[in-house]
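A closer look at the structure
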Amino acid sequence: DLLPFLAVGEALRQRGHTVVVASNAGYATLVKMAGFEFAAIWDRSQQSLDSVIAHDPIRAWTTVRDEMFVPATAPARDFIAHHIRSGKCTVLASWSA
């Protein structure tokens, strides 16, 4: 789900925009290798949700909410607030944001 954002980021960068990617800390290396600034807005282990889905699909959404969405809410808000102070700011986000 990150790769489309890197493609959009590259297109924006080629047009002269500054791009900062904010996501799970586990993506830092990939984002930095693509040449973008990175900010971690949450740090969940890279454990796949596949096992949760396979063993308890009803719990999967609870896990996503409790371990991904909720912990990222305040850091995402703070990240946006910080960047908007420096001027015009556009935020692109996935459905999870």
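The rules behind the values
Each chain has its residues counted from 1, following the order in which its sequence is written. At least 70 in pLDDT is required for a residue's local features to be given in this predicted model, at least 80 for side-chain atom pairs to be given and counted, and no such filter applies to totals for whole chains, interfaces and linings, which use all residues. Processing note: side-chain calculations cover all non-hydrogen atoms of the structure and skip hydrogens and water entirely. Only runs of H or I of at least four residues qualify as helices and only runs of E of at least two qualify as strands under DSSP, and these elements are numbered from the N terminus. Think of it in three bands: with a 1.4 Å probe and only protein chains considered, a residue is buried below 20% of the maximum accessible area for its type, exposed above 50%, and partly exposed in between. In this description, contact between two residues means that some pair of their heavy atoms is separated by no more than 4.5 Å. Only the protein chains shown count as cover for residues, and the accessible areas themselves come from Shrake-Rupley with a 1.4 Å probe. Charge counting follows a simple rule: Lys and Arg are positive, Asp and Glu are negative, and His as well as the terminal groups are ignored. To locate a charge, take NZ of a lysine, CZ of an arginine, CG of an aspartate or CD of a glutamate. The predictor attaches a confidence to each residue, called pLDDT, with possible values from 0 through 100. To estimate the expected span of a helix, count its residues, drop one, and scale the result by 1.5 Å. A patch consists of residues whose relative accessible area exceeds 30% and which take part in no salt bridge; residues with like charges are grouped when within 9 Å of each other, and nonpolar side chains (Val, Leu, Ile, Met, Phe, Trp, Tyr) when within 5 Å. By salt bridge we mean one thing: a side-chain nitrogen of Lys or Arg within 4 Å of a carboxyl oxygen of Asp or Glu.

Our focus in this paragraph is the overall build of the protein chain. The secondary structure content of the protein chain amounts to four helices and two strands. Beginning at the N terminus, the succession of helices and strands in the protein chain can be written as α-β-α-β-α-α. When the backbone C-alpha atoms are referred to their principal axes, the protein chain occupies close to 45 × 25 × 20 Å. Evaluated residue by residue, the protein chain yields a buried proportion of 23% over its 97 residues. For the protein chain, restricting intrachain contacts to residue pairs at least 6 apart in sequence, the fraction spanning at least 24 positions comes to 40%. Surface accessibility of the protein chain: about 6,900 Å² in total, with carbon and sulfur atoms responsible for 59%. On the protein chain, the mean spot of the 9 positive side-chain charges and the mean spot of the 9 negative ones are 9 Å from each other.

For the protein chain, the mean per-residue pLDDT works out to 86, and 91% of the residues sit at or above 70. Of all secondary-structure elements in the protein chain, the lowest mean pLDDT belongs to helix α3 (residues 50-55), at 78, while helix α2 (residues 28-33) reaches the highest, 96.

This part covers helix α4 (residues 57-84). Spanning 28 residues, α4 covers 38 Å between terminal C-alpha atoms, matching the ideal 40 Å at 1.5 Å per step. All buried positions along α4 are accounted for by Ala60, Thr63, Val64, Ala72 and Phe79. Elements in contact with the buried residues of α4: β1 (20-24), β2 (37-42) and α3.

Side chains of Val8, Leu12 and Leu92 sit close together on the surface and give an oily, nonpolar patch of about 220 Å² of accessible area. Mapped onto the elements, Leu12 comes out in helix α1 (residues 3-14).

Turning next to the pattern of salt bridges. Inspection of the entire model under this criterion finds three salt bridges. A salt bridge links Arg13 to Glu10, with the nearest nitrogen and oxygen atoms 2.3 Å apart. Of this pair, Arg13 and Glu10 are both found in helix α1, three residues apart, which corresponds to roughly one turn of the helix. Owing to a relative accessible area of 29%, Arg13 belongs among the partly exposed residues under this scheme. Across the pair Asp66 and Arg65 runs a salt bridge whose closest N-O atoms are separated by 2.9 Å. Classification of Asp66 by relative accessible area gives partly exposed; the value is 38%.

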